[in-house]
Amino acid sequence: MSTQPLLQRTAQKRIALPVRVEPKVFFANERYVWLPLTPPNPKMLPFRTFLSWLHFTVVLGGLSVGLLNFGDKVGKISAGMFSLVAVAIMIYALITFHWRANAIRKRSGAPYDDRLGPTILCIALLAAIIVNFILRFTAE
């Protein structure tokens, strides 16, 4: 038997281990692996917001497709309204993403928040839900 230990460590040899990087972390900071100890890259923060808006539109679009496939006439009208709201949210998210990315690229000191856009989108979604309830309860 050998007197040397089973696992030896040499100074010249480095062992490469695969690192699992979550997609959210990868898209938040494309160039570097983002560890919890390091701050995120501020140039890529609008992309995470853009992805969360798109996630909401996919959920809303799934709701509208379900209403379209399995609903009656009222369901189809509601599906069309929810689809229009989802497309409006997608367009808003794209415009806001480009606006914020340009502001960060130019290093302007302007605020990056938008209070009017989400309010209008929430009012449109609330109007679609109210019309859905009105059509549902008045339908005979």
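The paragraphs below set out a description of the structure included in this document. (Residues numbered from 1 in each chain as written. Predicted model: local features only at pLDDT ≥ 70, side-chain atom pairs only at ≥ 80, totals over all residues. Heavy atoms only, no water.)

**Here we look at the overall build of the protein chain**
The number of helices and strands found in the protein chain is four helices and zero strands. In the protein chain, the succession of α and β elements from N to C terminus is α-α-α-α. A buried classification covers 23% of the 140 residues belonging to the protein chain. Expressed as a percentage of contacts within the protein chain between residues at least 6 apart in sequence, the contacts between residues at least 24 apart total 60%. Carbon and sulfur atoms provide 68% of the accessible area of the protein chain, an area that totals close to 11,300 Å². (Helix = DSSP H or I, 4+ residues; strand = E, 2+ residues; numbered from the N terminus. Buried < 20%, exposed > 50% of the residue type's maximum accessible area, 1.4 Å probe, protein only. Contact = heavy atoms within 4.5 Å. Areas by Shrake-Rupley, 256 points an atom, 1.4 Å probe, with all protein chains shown as cover.)

**Some words on the nonpolar core**
Leu60, Phe82, Val85, Ala86, Ile89, Tyr92, Leu121, Leu125 and Ala128 together form the largest nonpolar core, which totals nine residues. Of all the secondary-structure elements, those providing two or more residues to this core are helix H3 (73–105) and helix H4 (116–138). In terms of residues, this core owes the most to one element, H3, which gives five residues. (Core = buried A, V, L, I, M, F, W, Y, C linked by side-chain atoms within 4.5 Å.)

**Thoughts on the packing of aromatic side chains**
Enumeration according to the criterion identifies three aromatic pairs in this entry. With 5.3 Å between their ring centres and 75 degrees between their planes, Trp53 and Tyr92 make a pair best called edge-to-face. Placement of Trp53 in helix H2 (residues 45–70) and of Tyr92 in helix H3 is noted, with a sequence separation of 39 residues between them. Note on Phe133 and Phe137: the rings are 6.1 Å apart at their centroids and 10 degrees apart in plane angle, and the pair reads as stacked. Linking Phe133 with Phe137, this pair stays in helix H4, spanning four residues, or about one helical turn. With relative accessibility at 47%, the residue Phe133 sits in the partly exposed group. A relative accessible area of 65% means that Phe137 is categorised as exposed. (Phe/Tyr/Trp six-rings, centres within 6.5 Å; stacked < 30°, edge-to-face > 60°.)

**Here's the deal with the pattern of salt bridges**
One side chain can pair with another of opposite charge once the charged atoms of both are near each other. All chains considered together, the criterion is met by one salt bridge. Here Asp72 ties to Arg136 by a salt bridge, and the two come within 3.2 Å at their closest N and O atoms. Placement of Asp72 in the loop between H2 and H3 and of Arg136 in helix H4 is noted, with a sequence separation of 64 residues between them. Residue classification places Asp72 among the partly exposed residues on the basis of a relative accessible area of 40%. (Salt bridge = Lys/Arg side-chain N within 4 Å of Asp/Glu carboxyl O.)

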